[in-house]
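Examining the three-dimensional arrangement
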Amino acid sequence: MQRSFWLKFSIFNFLIVALLGVTMRYKILYSMPFLDQKHLQEAHSHFAFYAWITNAIYVLILNYLSKINPAINLKKYEKLIIINLIASFSMLGTFIYGGYFWASIAGSTTALLCSFAFFFLFIRDSNKIQDTSKIWFLAGLFFAVISSVGVFNLGFMMMSKTATQDLYLASEYYYLHFQYNGFFIFSCIGFLLFSLKQVGSAISEKQNKLIFWLLFFGCVIGYGLSVLWMKMPVYIFAVIVVATIGQTIGAVMLYLFVKKNWTNLVLKWSKMHRFVLMYAGFAFAVKIALQLGSNIPALNQFAFGFRNVVIAYLHLVLLMCIATFLVNQILATNYFTITKKLLLGVKLLLLGIFLNEFILGLMGIFSIKYIAIPFANEILLLVSVLMFVSIFWIFVNLKSFKKT
């Protein structure tokens, strides 16, 4: 299996995600009666999660396994990657066609079952691994598995027509929370720590476990932040606050470790790699700060009461933090030739993501007073086109220079 091919295929899937984003932004402004906006949104989110983010994480984990223990047989993982991609493309078509129905649910179920299989295979093979990143990947895959409860519940409610607003939102936020804050974030931290180890900055076992457990329990209990609008006892709210503070402490400790070892990164990583890491790290810091702030009931009600705020937060985590970090990791594998043309595409993508987040953030802030920003949707359409063009430019200029 040529991992360079599958990583480039992940970028191609990212391009499709961007095209769906452009289409949705276009449809807000102009008539496209043959496409349903909600169905497009469902196709966009599912394809982004499984064909782009999950596929990239799977392939990068294979790259990790091959380096940490070449004796591990990766064929079984490669089959799961192919099945996951087939399921992802089936979801792309079926969700656009009809939203949630038997075919789209079958596709999402297949992708979820792949994550189950990937997790259990990794558990078995990780017994042969002694490395600090291992627990981060185990936790990430664990969160991917438990996030499925939210999807299965959503599918059941939609098929049986028993959905209530509270249950629907609680299930949706459950799935999103353990994908974004669990599977995606923990996997990225695992890659980060392994990258630091490769440049001679390995984290100690004691420090690694302390940071891990603070973030792990913060993530598990932190789901409560997504449902604070539901009535809950004071003692449960207190546990959520303590867990969020613990998560913040863990994030600060991780930052201090990276900062302490920044000299090694300066020596071994290019300026662009370091800048993208700071870019994604800034987004992660904002995410942690927002989670801490959302313990304040008034702020939490504001966050979940305005659609633009929710969209801004989701894009902050998925685009500005996770997507940029994964693009950086793909380029850091040394499978591809880094050219000025390729770096131009990366710079344009970073600009587009920043502008997208800036406009969404402004819309969220102004929505407090129900003030509309003039031509906001037109600007967001142009920004989405910029991101699409930049990803296309990256894809075209992503040339492999050695087989893997």
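Residues numbered from 1 in each chain as written. Predicted model: local features only at pLDDT ≥ 70, side-chain atom pairs only at ≥ 80, totals over all residues. Heavy atoms only, no water.

1. Details of the environment of Thr162
Formally: Secondary structure elements follow DSSP: runs of H or I no shorter than four residues count as helices, runs of E no shorter than two count as strands, and numbering proceeds from the N terminus.
When you line up the elements, Thr162 lands in the loop between helix H6 (148-160) and helix H7 (165-198). In the structure, Thr162 is positioned 21 residues away from Leu141 in sequence and 30 Å away in space, judged by C-alpha atoms.

2. Looking at the nonpolar core
Note the following rule: Side-chain atoms within 4.5 Å link the members of a nonpolar core, which is a set of buried Ala, Val, Leu, Ile, Met, Phe, Trp, Tyr and Cys residues. Accessibility here uses a 1.4 Å probe with only protein chains present; expressed as a share of the type maximum, an area under 20% marks a residue as buried, one over 50% as exposed, and anything in between as partly exposed. Every residue pair with non-hydrogen atoms within 4.5 Å of one another is taken to be in contact.
Ranked by internal contacts, the top residues of the largest apolar core, which has 130 residues, are Phe14, Phe49, Trp52, Leu65, Phe122, Phe186 and Leu326. Counting residues per element, this core draws most heavily on H7, at 19 residues. Among all residues touching Phe14, those that are not within four sequence positions of it are Trp52, Leu319, Ala323, Val327, Leu349 and Ile391. By size, the runner-up hydrophobic cluster in this structure holds seven residues, among which are Ile311, Ala312, Ala376 and Leu380.

3. Looking at empty space enclosed by the protein
Going by this rule: Cavities and pockets were defined on a 1 Å grid built over protein atoms only: a cavity is a set of grid points that admits a 1.4 Å probe from which the probe cannot escape, a pocket is an open set flanked by protein on both sides within 12 Å along at least five of seven lines, and lining residues are those with an atom within 4 Å of any such point. Grid points are joined across faces, edges and corners, and a volume is the space filled by probe spheres set on the points. Classes in brief: Ala, Val, Leu, Ile, Met, Phe, Trp, Tyr, Cys and Pro nonpolar; Asp, Glu, Lys and Arg charged; the others, Gly included, polar.
Counted by the stated rule, this structure contains two cavities of 30 Å³ or more. Forming the boundary of the largest cavity are Asn181, Ile185, Phe186, Leu215, Gln247, Phe284, Lys287 and Ile288. Breaking the lining of the largest cavity down by element, the ones donating at least two residues are H7 and helix H11 (271-293). Looking at the lining of the largest cavity, its residues break down into five nonpolar, two polar and one charged. In this structure, the second largest cavity encloses a volume near 30 Å³. Around the second largest cavity sit Val276, Thr324, Val327, Asn328, Val346, Leu349 and Leu350, which together line it. If you list the elements that add at least two residues to the lining of the second largest cavity, you get helix H13 (307-331) and helix H14 (340-366). Among the residues making up the lining of the second largest cavity, the classes are represented as five nonpolar, two polar and no charged.

4. Brief notes about the packing of aromatic side chains
Convention followed: Side-chain rings of Phe, Tyr and Trp, where Trp is taken by its six-membered ring, are said to pair if the distance between their centres is within 6.5 Å; with planes under 30 degrees apart they count as stacked, over 60 as edge-to-face, and otherwise as tilted.
Within this structure, the stated rule accounts for 43 aromatic pairs. For the pair Phe9 and Phe12, a centre-to-centre distance of 5.8 Å together with 35 degrees between the ring planes defines the contact as tilted. Of the two residues, Phe9 and Phe12 are both situated in helix H1 (residues 3-29); the distance of three residues between them amounts to about one turn of the helix. Residue Phe9 is classed as partly exposed on the basis of its relative accessible area of 22%.

5. Quick word on the packing of helix H8 (residues 205-222) against helix H9 (residues 234-260)
How we decide: Lines fitted to the C-alpha atoms define the axes, with helices restricted to the stretch that makes contact. Angles between their N-to-C directions range from 0 to 180 degrees. Helix crossings are classified by the rotation of the near helix relative to the far one: an anticlockwise turn of less than a right angle makes the crossing left-handed, while a clockwise turn makes it right-handed.
Where H8 contacts H9, the two axes come as close as 8 Å, and the packing angle between them is 145 degrees. Crossing angle aside, the handedness with which H8 passes H9 is left-handed. Contacts between H8 and H9 involve Gln207, Leu210, Ile211, Leu214, Leu215, Phe217, Gly218, Cys219 and Ile221 from the first element and Val239, Ile240, Ala243, Gly246, Gln247, Ile249, Gly250, Ala251, Met253, Leu254 and Phe257 from the second.

6. Topic: helix H3 (residues 75-98)
We count it as follows: The span expected for a helix works out to 1.5 Å for each residue beyond the first.
With 24 residues, H3 ought to run about 34 Å at 1.5 Å a step, and its terminal C-alpha atoms sit 35 Å apart, in line with that. Residues of H3 that are buried: Tyr77, Glu78, Leu80, Ile81, Asn84, Leu85, Ala87, Ser88, Met91, Leu92, Thr94 and Phe95. Close packing links the buried residues of H3 with H1, helix H2 (37-68) and helix H4 (102-126).

7. Structural notes on a nonpolar patch on the surface
The following threshold applies: Every patch collects residues that have over 30% relative accessible area and no salt bridge, joining them within 9 Å if they carry like charges and within 5 Å if they are nonpolar side chains (Val, Leu, Ile, Met, Phe, Trp, Tyr). What sets the accessible areas is the Shrake-Rupley method with a 1.4 Å probe; for residues, cover comes only from the shown protein chains. Only one rule defines a salt bridge in this text: a Lys or Arg side-chain nitrogen within 4 Å of an Asp or Glu carboxyl oxygen.
On the surface, Ile365, Phe366, Ile368 and Ile371 cluster together into a nonpolar patch covering about 360 Å² of accessible area. With respect to the element layout, Ile371 can be found in the loop between H14 and helix H15 (376-396).

8. Focus on unusual backbone geometry
Even without being a glycine, Asn334 presents a positive backbone phi close to 70 degrees. When you line up the elements, Asn334 lands in the loop between H13 and H14. Under the relative-accessibility criterion, Asn334 is labelled partly exposed at 46%. In this structure, Phe375 is a non-glycine residue whose phi angle is positive, near 60 degrees. Within the secondary structure layout, Phe375 lies in the loop between H14 and H15. By relative accessible area, Phe375 is classed as exposed at 62%.

9. Focus on the packing of H7 against H8
Put simply, the rule reads: For classification, angles of less than 35 degrees are called roughly parallel, those exceeding 145 degrees roughly antiparallel, those between 65 and 115 degrees roughly perpendicular, and all remaining angles oblique.
Two elements in contact, H7 and H8, have axes separated by 10 Å at closest approach and are oriented at 170 degrees. The orientation of H7 relative to H8 falls into the category roughly antiparallel. Classified by chirality, the crossing of H8 by H7 is right-handed. For the pair formed by H7 and H8, the contact residues are His177, Phe178, Asn181, Gly182, Phe186, Ile189 and Leu193 on the first element and Asn208, Phe212, Leu215, Phe216, Cys219, Val220 and Gly222 on the second. For the contact of H7 with H8, the residue count by class is nine nonpolar, five polar and no charged.

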